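Close look at the chain arrangement
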Amino acid sequence: MLSWLKTNAALAREKLTTEVAKFKNKEFMEAVANSCAMVAAADGEVTSAEKMKMTGFINNSPELKVFNLTDVIKVFNDACGKFEFDFQIGQAEALKNISKIKGKDGAGRLLVRVACAIGASDGNFDDKEKAVCRLICLELGLPPADFEL
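Below, the structure is looked at part by part. On a predicted model such as this, the values are computed, not experimentally measured, just so you know.

1. So, the nonpolar core
- With 42 residues, the main nonpolar core has Leu-111, Val-112 and Ile-136 as its most contacted residues.
- Residue assignment for this core shows that the elements contributing at least two residues are helix H3 (26–40), helix H5 (69–85), helix H6 (87–98), helix H7 (105–119) and helix H8 (127–140).
- Top contributing element to this core by residue count: H3, with 10 residues.
- The residues touching Val-112, leaving out its near neighbours within four places in the chain, are Ile-136, Cys-137, Leu-140, Leu-142, Phe-147 and Leu-149.

If you want it as structure tokens, here you go:
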């Protein structure tokens, strides 16, 4: 999936946008926003620069256009605040929100693909971001290998 994502970024974004529209609901939006926060906090700290990067991504992301931007940013900022307070608490809370879509295979797989796209949005999908995506997979009961993680 990652090699395909790199070589077909525009097509991948278009496909993700179409797929996200199928799962447009609060539970899925909160899971996506929390996964964004997890990726931003992958190095153990959510910096202002990372917040700006992620807010910019949310604001410009075709995948997330189906959601009310204010709602997505509020959930993202709330999740980031928890990571800033305590990394373990932030991670536990984010995974709790992500787990709400466990058992919804299509939504879960799409969430992982969006998380991977977010991790790769700066052109560098590093090992810490990949580890976060693997953790999301495990929380959702999905094999990381399905996403080349």
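From this point, the discussion proceeds with the structure in view.
2. Quick look at the packing of H3 against H7
- Remark: H3 packs on H7, axes separated minimally by 10 Å, with the N-to-C direction vectors making an angle of 35°. Judged by the twist between their axes, the crossing of H3 over H7 is right-handed. Between H3, through Phe-28, Ala-31, Val-32, Ser-35, Cys-36 and Val-39, and H7, the contact on the second element is made entirely by Ala-107, Leu-110, Leu-111, Val-114, Ala-115, Ile-118 and Gly-119.
- Considered class by class, the residues forming the contact of H3 with H7 number 11 nonpolar, two polar and no charged.

3. Some thoughts on the pattern of salt bridges
- Taken as a whole and assessed by the stated rule, the structure comprises seven salt bridges.
- Its salt-bridge partner being Glu-93, residue Lys-96 comes within 3.3 Å of it at the nearest N-O pair. With Lys-96 and Glu-93 both in helix H6 and three residues apart, the pair spans about one turn of that helix.
- Exposure remark for Glu-93: the relative accessible area of 25% places this residue in the partly exposed category.
- Taking the shortest distance from any N to any O, the salt bridge between Asp-146 and Arg-109 comes out at 2.9 Å. Separated by 37 residues along the polypeptide, Asp-146 in the segment after H8 and Arg-109 in helix H7 bring together distant segments of the chain.

4. Let's talk about the packing of H3 against H8
- With their axes 9 Å apart at the nearest point, H3 and H8 run at an angle of 145° to one another. Classified by chirality, the crossing of H8 by H3 is right-handed. Across from Ser-35, Met-38 and Val-39 in H3, the residues of H8 making contact are Glu-129, Val-132, Leu-135 and Ile-136.
- Of the residues that constitute the contact of H3 with H8, the class distribution is five nonpolar, one polar and one charged.

The rules behind these values
Residues numbered from 1 in each chain as written. Predicted model: local features only at pLDDT ≥ 70, side-chain atom pairs only at ≥ 80, totals over all residues. Heavy atoms only, no water. Core = buried A, V, L, I, M, F, W, Y, C linked by side-chain atoms within 4.5 Å. Buried < 20%, exposed > 50% of the residue type's maximum accessible area, 1.4 Å probe, protein only. Helix = DSSP H or I, 4+ residues; strand = E, 2+ residues; numbered from the N terminus. Contact = heavy atoms within 4.5 Å. Axes fitted to C-alpha atoms, helices over the stretch in contact; angles between N-to-C directions. Left-handed = near helix turned anticlockwise from the far one by under 90°. Nonpolar A, V, L, I, M, F, W, Y, C, P; charged D, E, K, R; others polar. Salt bridge = Lys/Arg side-chain N within 4 Å of Asp/Glu carboxyl O.

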